[in-house]
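# A look at the structure
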Amino acid sequence: MPIQTTKSLLVFGGCYSNLEATRAMLGIAERLGFDPSHVICTGDVVAYCADPQATVDLIRNSGIHVIMGNCEESLATSADNCGCGFEEGSTCDRLSAQWYSFATAHLDEDARKWMRNLPQHLEIDMCGRRLVAIHGGGKQINRFIFQSTPISVKQEEVEGLKCDGVIAGHCGLPFTQLFDDHVWHNTGALGMPANDRTCRTWYSILHPRDDGIMFEPLPLIYSAETASDKMRACGLTGGYDNALLSGIWPSVDVLPALERQQQGVALDLKPVYWPGRKVR
């Protein structure tokens, strides 16, 4: 069933087994008065960090909406790899083998069953607009779509999903892009910094207005030191443990040229207003 709302929505994705960040995020949602029915996670609850089972348990018990990410899809079926879409033999591919093996060994069958039953999209009706929350792409769950990805790709996705706008995750970098009366919004990742040399991670609040929707990207400050120490204690020392503190990814294999050039530049994201539907 679609979410039909006149209230704000809180959206995040990429918890990445980062229990500290996830706990901090749900605490903020509660303090801000968000009902779980108005909180959405765009998937990849489990990935790089040290607490796969505890993070799943926390998200499940919260009662929020969760979209299936490629990590959930792979872990649910005990696939050979995370299905992130990394090029075979790349640094990202090599590093993913370590945390995926760890996550596979530390998830119970009940968690996998929950993952198998997650939806791959969620419809949202807000301010007369139809949004769809997905993980990566509408037909390809692990499709990387960045701000520099051609508008034609986003237009194709919007048309395929038969919507006015998309809320997505997967690429790990937050952005909001308006095009042809449509919007593509990525919340960034909650469990890993945005490759901008800060330890902040990101989430978003969608604010309905009388004549449109305001997309507000917000930084999350949490106990990154604790999360990093826990990774090292359990042997997850491939580089993502350092990335939690340095804010720099251990590999940029997946990034297009523009996003590679922006590595290490601290993000300064402002709210973006998406006007209501144009009268034709």
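Residues numbered from 1 in each chain as written. Predicted model: local features only at pLDDT ≥ 70, side-chain atom pairs only at ≥ 80, totals over all residues. Heavy atoms only, no water.

### Things to note about unusual backbone geometry
Even without being glycine, Y16 reaches a positive phi, approximately 60 degrees. When you line up the elements, Y16 lands in the loop between β2 (9–12) and α1 (19–31). A relative accessible area of 7% places Y16 in the buried class. Positioned with a positive phi, C127 is a non-glycine residue whose angle comes to about 55 degrees. (Helix = DSSP H or I, 4+ residues; strand = E, 2+ residues; numbered from the N terminus. Buried < 20%, exposed > 50% of the residue type's maximum accessible area, 1.4 Å probe, protein only.)

### Re helix α6 (residues 151–161)
Every buried residue of α6 is listed here: V153, K154, Q155, E157, V158 and L161. Once α6 finishes, K162 follows within two positions and takes phi at roughly 55 degrees, a positive value.

### As for the sheet that holds strand β10 (residues 201–209)
Strands sit in the order β4-β3-β2-β10-β11-β12 across an open sheet of six strands; the sheet is mixed. Sheet topology places β4 (65–66) and β12 (272–275) at the edges, where each strand pairs with a single neighbour. For β2 and strand β3 (residues 39–41), the ladder comprises three bridges, and the chain directions are parallel. By the bridge assignment for β3, V11 is matched with I40. (Pairing = 2+ DSSP bridges.)

### Some thoughts on the sheet that holds strand β7 (residues 165–168)
On the basis of which strands lie adjacent, the open sheet formed by six strands has the order β1-β5-β6-β7-β9-β8 and mixed pairing. Whereas interior strands pair on both sides, the edge strands pair on one side only; in this sheet they are β1 (3–5) and β8 (175–179). Each adjacent strand pair in this sheet contributes to an overall mean axis angle of 15 degrees, direction not counted. Packing of α6 onto the sheet brings it into contact with β6 (129–133), β7, β8 and β9 (182–186), and relative to β8 it is tilted by some 80 degrees. (Axes fitted to C-alpha atoms, helices over the stretch in contact; angles between N-to-C directions. Contact = heavy atoms within 4.5 Å.)

### Observations concerning the pattern of salt bridges
Scanning the model with the defined rule gives eleven salt bridges in all. Where K230 meets E20, a salt bridge forms, and the shortest distance between an N and an O atom there is 2.7 Å. In this pair, K230 sits in helix α7 (residues 224–233) while E20 sits in helix α1, placing the two residues 210 residues apart along the sequence. Among the residues examined, K230 registers a relative accessible area of 28% and is labelled partly exposed. Measuring nitrogen to oxygen at the nearest pair gives 3.1 Å for the salt bridge that ties R232 to D241. Here the salt bridges share partners, and the residues they tie into one network are E20, D51 and K230. (Salt bridge = Lys/Arg side-chain N within 4 Å of Asp/Glu carboxyl O.)

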